[in-house]
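# Coordinates in review
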Amino acid sequence: MTAVTVSSANFRTALVRMSVSAGLLIVAALVVSIPWLSTFAVQRLLVEVFTLFAVALAWNLLAGYGGLVAIGLHVFVGVGAYSLFALSNELHLNPFLLLPAAAVFAAVFAAVSAWPMFRLSGAYFAVGTWVLAEMMRILTLNSPSLGAGGGMPLEAMSDIDRWTRNAGVYWAALLVGVGSLVVSRQVLRGSLGLALMSVRDSEPAALASGVPVARAKIALWVLCAVISGLAGAVSYMNTLQVTPDASFSLNWTAAAIFIAVLGGIGTLEGPIVGTIVYFLLRETFAGYGAWYFIGVGLLAILTMVTAPGGAVSLIPEKWRLDPFRIRRRMAGSDLDRSASFPQT
């Protein structure tokens, strides 16, 4: 009787897994097919959704897992965008082929800037990243070779027909959004994720335990630079024009912070939920002008006061799912421990 019950339970579990897998495949097929199923306007909106999600995810990694609150994360958005535009225009190459180069430029810039940035901590680090972004904005603003204040057009795109251009940018944005999520999950399930959590909770304790603090911080900084740089490159491929004031704008980081706070800092689910809510609010209420921004600000304050853990924390513990399998239960406890601990 017991064997029959176990066999029946295993069959139901396998059936559920097959149903979920089939559903995910159908959703994936629909998402990939968007260029054939929707208008250019919908594609452009989805490009914005995926790229802003990637930046919010990067900020969430820095602040939620590494304890590094950065106000100037948008510096990597600008570096990624400008490196792609400059290389494509100068070398007359297809910009889609140069996306890896944008990631490399962002990574190198992050590695170089890590030395002065990580000599700062706390509020000084946060302000220092913003100063770094402003310095890069002023530098590009006064660089004739980069178009100065008028920015740069993406000349190589003129040889590509409109449908192919829009579809290519959409697929690139989809790859950046999904890829950043997959990479983040793998990082958080590994030893680097555990190291980052220990650094965030107590850096002196992490050092005393033999955690390579400096190496973990630099690795996280570079990873977030690559994610944000790719997001910036793809985002401005969508508009075919990059300018200093737009690409190095604080609006990027402000939106990322709002999304992370609204969804839940220190979770992978948080940026997903926050991005959905952010764009629903924007598409529904942006027409109200200044009142929209006042409402968004009040919502952020209300969230931080009543639900510091974001929307994810409002789900009862017993109902909370772990879709990315990055939580684990402590022995003898019913509490889920968050995310940076790898599965055992």
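Procedures and definitions
Residues numbered from 1 in each chain as written. Predicted model: local features only at pLDDT ≥ 70, side-chain atom pairs only at ≥ 80, totals over all residues. Heavy atoms only, no water. UniProt positions renumbered as here; feature names shortened; annotations may be inferred. Helix = DSSP H or I, 4+ residues; strand = E, 2+ residues; numbered from the N terminus. Salt bridge = Lys/Arg side-chain N within 4 Å of Asp/Glu carboxyl O. Buried < 20%, exposed > 50% of the residue type's maximum accessible area, 1.4 Å probe, protein only.

### Here's the deal with the UniProt feature "transmembrane region" (unreviewed entry) in the chain
- With numbering matched to this structure, UniProt assigns "transmembrane region" (unreviewed entry) to residues 20-38, 68-87, 96-118, 168-188, 218-238, 250-279 and 291-315.
- Strand forms 0% of residues 68-87 and helix 70%; the C-alpha atoms that close the span are 31 Å apart.
- Counting secondary structure, residues 96-118 comes out at 83% helix and 0% strand; the distance between its end C-alpha atoms is 33 Å.

### Side note on the pattern of salt bridges
- Taken as a whole and judged by the stated rule, the model has four salt bridges.
- Between Glu48 and Arg282 there is a salt bridge, with the nearest N and O atoms lying 2.5 Å from each other. Pair noted here: Glu48 is in helix 3 (residues 40-65) and Arg282 is in helix 13 (residues 269-285), with a separation of 234 residues, a long-range link.
- The class for Arg282 is buried, based on a relative accessible area of 18%.
- Ionic pairing is found between Asp245 and Arg137, a salt bridge with its closest N-O pair at 2.9 Å. On the criterion of sequence distance, the pair formed by Asp245 in helix 11 (residues 244-247) and Arg137 in helix 6 (residues 123-141) is long-range, its members being 108 residues apart.
- With relative accessibility at 47%, the residue Asp245 sits in the partly exposed group.

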